[in-house]
Amino acid sequence: MSDYDSIVIGAGFAGAVVARELAEHGGEQVLVLDSRDHIGGNCYDVADEHGILIHKYGPHIFHTNIKRVYDYLSRFTEWFDYRHEVVAKVGESEIPVPFNLNTLKMVFGDEADELQNLLIERFGEGARVPILELKKADDPRLKKIADYVYQNIFLKYTMKQWGKSPEEIDPSVSGRVPVVLSTDNRYFMDTYQGMPREGYTPLFEKLLDHPGIRLKLSTDATDLLEFDPESDTPIRWKGEVFEGKVIFTGAIDELFGCRYGRLPYRSLRFDFEHFDKDVFQSHGVVNYTVSEDFTRITEFKYLTGETDKAGTTIVREYPFAYTGAEGEIPYYAINNPENDALYAKYKKLADDCSLTLLGRLAEYKYYNIDAIVDRALDVAKELMDE
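Procedures and definitions
- Residues numbered from 1 in each chain as written.
- Predicted model: local features only at pLDDT ≥ 70, side-chain atom pairs only at ≥ 80, totals over all residues.
- Heavy atoms only, no water.
- Core = buried A, V, L, I, M, F, W, Y, C linked by side-chain atoms within 4.5 Å.
- Buried < 20%, exposed > 50% of the residue type's maximum accessible area, 1.4 Å probe, protein only.
- Helix = DSSP H or I, 4+ residues; strand = E, 2+ residues; numbered from the N terminus.
- Contact = heavy atoms within 4.5 Å.
- Axes fitted to C-alpha atoms, helices over the stretch in contact; angles between N-to-C directions.
- Left-handed = near helix turned anticlockwise from the far one by under 90°.
- Nonpolar A, V, L, I, M, F, W, Y, C, P; charged D, E, K, R; others polar.
- Pairing = 2+ DSSP bridges.
- Phe/Tyr/Trp six-rings, centres within 6.5 Å; stacked < 30°, edge-to-face > 60°.
- Salt bridge = Lys/Arg side-chain N within 4 Å of Asp/Glu carboxyl O.
- Right-handed = clockwise from strand over helix to strand, strands pointing away.

So, the nonpolar core
Ranked by internal contacts, the top residues of the largest apolar core, which has 41 residues, are Phe13, Leu73 and Val373. When residues of this core are assigned to their parent elements, the largest contribution, eight residues, is made by helix H1 (residues 13-24). Setting aside residues up to four positions removed in sequence, Val373 forms contacts with Phe13, Val17, Val69, Tyr72 and Leu73. One finds Cys258, Leu263, Ala333 and Leu355 within the second-largest nonpolar core, a separate group that totals 35 residues.

Rendered as structure tokens:
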């Protein structure tokens, strides 16, 4: 007989929020397991050897229009008022992205006023116009803008990010790349934006600090739990039947030994470097949309506001195909009909085990921070209402 009402596998946002809700509002005893030696999942941050707060798994910037998510997380952190701006390195120039009216002036010079008037007359001030829509326009001046954005901001960056040739890139992906008819250089337009003032890790420490939650790190769930979808008692805890709830937030294919084959993901390699100078680049994130074999460089001091610290630390991101090798981490699901059908096979195994699946890896879909917190709150309520 287990001492726990629920077992949550994974201590990222998905797992931590569900665990907190079940413990705090469901009155449950909850065990949280994570194979890593730290909480926070991919949002984990830590001071490096130079004292600079870094995001070990790449930059994570909070933004949302969902008030209940902002209010919920505000229980566990104060916020540093950070407004994210991104530039793209194109030749010797740095231009704001998404492409906006400021970018238009930088790129097209004397033509910019005419092009701006044309864009606003056609689409309206403040509109976000997909480049595919501009490409289809009957006016060659609009096509000219679309061609520039496609070639210099979207195409090569996307090829690096997803490992695809131009012919293999789904037109719907490029269709989401906008030209923004505004002079606002912010990357996100959400009502609530910022960074946890003390960092993400202290936020997670507070989130998981509840007498109903026990945390076990550096623990592979399959060392303690057995999952057998063909059995009448599909979940066993230390060899005994477990009748409580199990919420799984990890890689669903790996939980079942990749029995149908591995689900495809894109992964990332992060190369960190420290410099003995105040700043390295002009913005927190600079995208390399044309040159270089990395996609972007992040300089953390912009994101965290640690301007009083000596020196600065950056990270370069190199995308590659996830293989499951030691040390690799799956980041981005590659959703297409074939891969989604493969995922459905694993989901059936999970359903047969009465597992609750939650998060990027368990659900094989992309979530921003706010979306997964919102989803986790809903899932927790559903579980408590059962």
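Text resumes after the structure shown.
Comments concerning the packing of helix H3 (residues 101-108) against helix H4 (residues 112-123)
One way to put it is that H3 packs onto H4 with a least axis distance of 9 Å and a crossing angle of 145°. Crossing angle aside, the handedness with which H3 passes H4 is right-handed. From H3, Leu101, Leu104, Lys105 and Phe108 reach across to H4, where they touch Ala112, Asp113, Leu115, Gln116, Leu119 and Ile120. A class-by-class count of the residues in the contact of H3 with H4 yields seven nonpolar, one polar and two charged.

Regarding the sheet that holds strand S10 (residues 128-130)
Ordered by their spatial adjacency, three strands build an open sheet running S9-S11-S10, and the pairing between neighbours is mixed. Each of the sheet's edge strands pairs with one partner strand only, and the pair in question is strand S9 (99-100) and S10. One ladder, built from two bridges, connects S9 with strand S11 (residues 178-180); its direction is parallel. Residue pairing across strands places Asn100 opposite Val180, the latter belonging to S11.

Re the packing of H1 against helix H13 (residues 369-385)
When two helices pack together, their arrangement is given by the angle between their axes and by how far apart the axes lie. The interhelical angle for the contact between H1 and H13, taken along N-to-C directions, is 35°, at an axis separation of 8 Å. Note on packing geometry: the crossing formed by H1 with H13 is right-handed. Of the residues in H13, those touching H1 at Phe13, Ala14, Val17, Val18, Glu21 and Leu22 are Ile369, Ile372, Val373, Ala376, Leu377, Ala380, Leu383 and Met384. Taken together, the residues of the contact of H1 with H13 break down into 13 nonpolar, no polar and one charged.

Some remarks on the sheet that holds strand S21 (residues 312-321)
Strand order in the open sheet made by the seven strands is S8-S7-S19-S20-S21-S18-S22, with mixed pairing throughout. Of all the strands in the sheet, the pair left with one neighbour each is strand S8 (93-97) and strand S22 (332-333). Bridge count for strand S7 (residues 86-90) against strand S19 (residues 285-287) is three bridges, and the pairing is parallel. When the sheet's bridge partners are listed, Ala88 is paired in S19 with Asn287.

Quick look at the packing of aromatic side chains
Per the counting criterion, the structure on display carries 24 aromatic pairs. When the centroid spacing of 6.4 Å and the interplanar angle of 20° are considered together, the rings of Phe80 and Tyr82 count as stacked. On the basis of relative accessibility, which here comes to 8%, the residue Tyr82 falls in the buried class. Ring centres 6.2 Å apart and planes at 15° place the aromatic pair Phe272 and Phe300 in the stacked group.

Brief notes about the pairing of S21
Among the 10 residues of S21, eight are classified as buried, and the element is accordingly described as predominantly covered. One ladder, built from 10 bridges, connects strand S18 (residues 265-275) with S21; its direction is antiparallel. Pairing of Arg266 across the sheet is with Ala321, part of S21. Summarising the sheet, strand S20 (residues 296-299) and S21 pair through four bridges and their orientation is antiparallel. Residue pairing in the sheet places Glu299 in a bridge with Ile314 of S21.

Structural notes on the pattern of salt bridges
Inspection of every chain in the model, using the stated rule, returns 24 salt bridges. Between Glu111 and Lys144 there is a salt bridge, with its nearest N and O atoms 2.9 Å apart. One end of the pair, Glu111, is in the loop between H3 and H4; the other, Lys144, is in helix H6 (residues 140-162), and 33 residues separate them in sequence. The exposure class assigned to Lys144 is partly exposed, which follows from its relative accessible area of 37%. For Arg375, the salt bridge is made with Glu363, and the minimal N-O distance between the two is 3.4 Å. Taken together, the positions of Arg375 in helix H13 and Glu363 in helix H12 (residues 360-363) put the pair 12 residues apart, joining distant regions of the chain. For Arg375, a relative accessible area of 28% gives the class partly exposed. What makes Glu363 buried here is its relative accessible area of 14%. Within the structure, one salt-bridge network assembled from shared partners comprises Arg20, Glu24 and Arg75.

A look at the pairing of strand S1 (residues 6-9)
Burial of the side chains of S1 extends over both faces: Ser6 and Val8 are buried on one face and Ile7 and Ile9 on the other. Here four bridges tie S1 to strand S2 (residues 30-33), and the two strands are oriented parallel to one another. Paired with Ile9 across the two strands is Leu33, which belongs to S2. A crossover links S1 with its parallel partner S2, the connecting element being H1, and its sense is right-handed.

Quick look at helix H8 (residues 200-207)
Working note: α-helix, 3.6 residues per turn, so residues spaced by three or four point in the same direction. When you tally the buried positions in H8, you get six out of eight residues, the bulk of the element. Those residues of H8 that sit buried are Tyr200, Thr201, Pro202, Leu203, Phe204 and Leu207.

Structural notes on the environment of Phe188
Looking at the secondary structure, you find Phe188 in the loop between S11 and strand S12 (192-196). It is 9.8 Å that separates the C-alpha atoms of Phe188 and Val86, two residues lying 102 residues apart in sequence. Residues in contact with Phe188, not counting those within four places in the same chain, are Ile61, His63, His84 and Gln193.

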